[in-house]
Amino acid sequence: MDETRVTVRCRDCPFATAHDRLRDARTAVDEHESTTGHDVTWEIESLDAGVSRAGADAGVCGRPECVNDDSPLVDPDPPEPES
Ligand SMILES: [Zn+2]
């Protein structure tokens with residue numbers, strides 16, 4: 001399951017918030033812009049579990065393909081269901 005983190009920052013004041021959902025971030029942006037007239041930007045950071053995991057595993061040996069045995073990335077022979 002994907003996770004998204006959206007960071008909202010204002011160019012004109014120290015206003016900054018973080019949200020788990022794009023919709024929430026958009027609401028925050030709209031509210032701040034409409035109430036203050038400031039120029040608000042947002043940055044979307046994907047925290048996809050697979051990406052995070054690959055990054056963590058890569059720290060072990062430096063290669064993203066060298067991961068834990070139970071990772072789908074390195075399963076050389078996926079079990080196929082017998083019909
Ligand atoms: Zn502002």
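For the structure, see preceding data.
Please read these numbers as outputs of a predicted model, since none were measured by experiment.

## Describing the sheet that holds strand E1 (residues 4–10)
Each strand in a sheet pairs with its neighbour through backbone hydrogen bonds, running either in the same direction (parallel) or in the opposite one (antiparallel).
Here is step 1 of the chain: Here 3 strands make up an open sheet; going across it, the order is E2-E1-E3 and the pairing antiparallel. Strands at the two margins of the open sheet, each flanked by one partner only, are strand E2 (16–19) and strand E3 (40–46). Adjacent strand axes in the sheet meet at a mean angle of 15°, parallel and antiparallel pairs treated alike.
Here is step 2 of the chain: As defined by bridge partners, E1 adjoins E3 across 7 bridges and the pair is classed as antiparallel. Across the sheet, the residue bridging to Thr7 is Glu43, located in E3.
Here is step 3 of the chain: The strands touched by helix H1 (residues 22–36) within the sheet are E1, E2 and E3, with E1 carrying the most contacts at an inclination of about 10°.

## Focus on the environment of Phe15
Here is step 1 of the chain: Mapped onto the secondary structure, Phe15 falls in the loop between E1 and E2.
Here is step 2 of the chain: Through-space distance from the C-alpha of Phe15 to that of His38 is 9.8 Å; in sequence the pair is 23 residues apart.
Here is step 3 of the chain: Residues in contact with Phe15, not counting those within four places in the same chain, are Cys10 and His32.

Parameters at a glance
- Residues numbered from 1 in each chain as written.
- Predicted model: local features only at pLDDT ≥ 70, side-chain atom pairs only at ≥ 80, totals over all residues.
- Pairing = 2+ DSSP bridges.
- Helix = DSSP H or I, 4+ residues; strand = E, 2+ residues; numbered from the N terminus.
- Axes fitted to C-alpha atoms, helices over the stretch in contact; angles between N-to-C directions.
- Contact = placed C-beta atoms within 7 Å.

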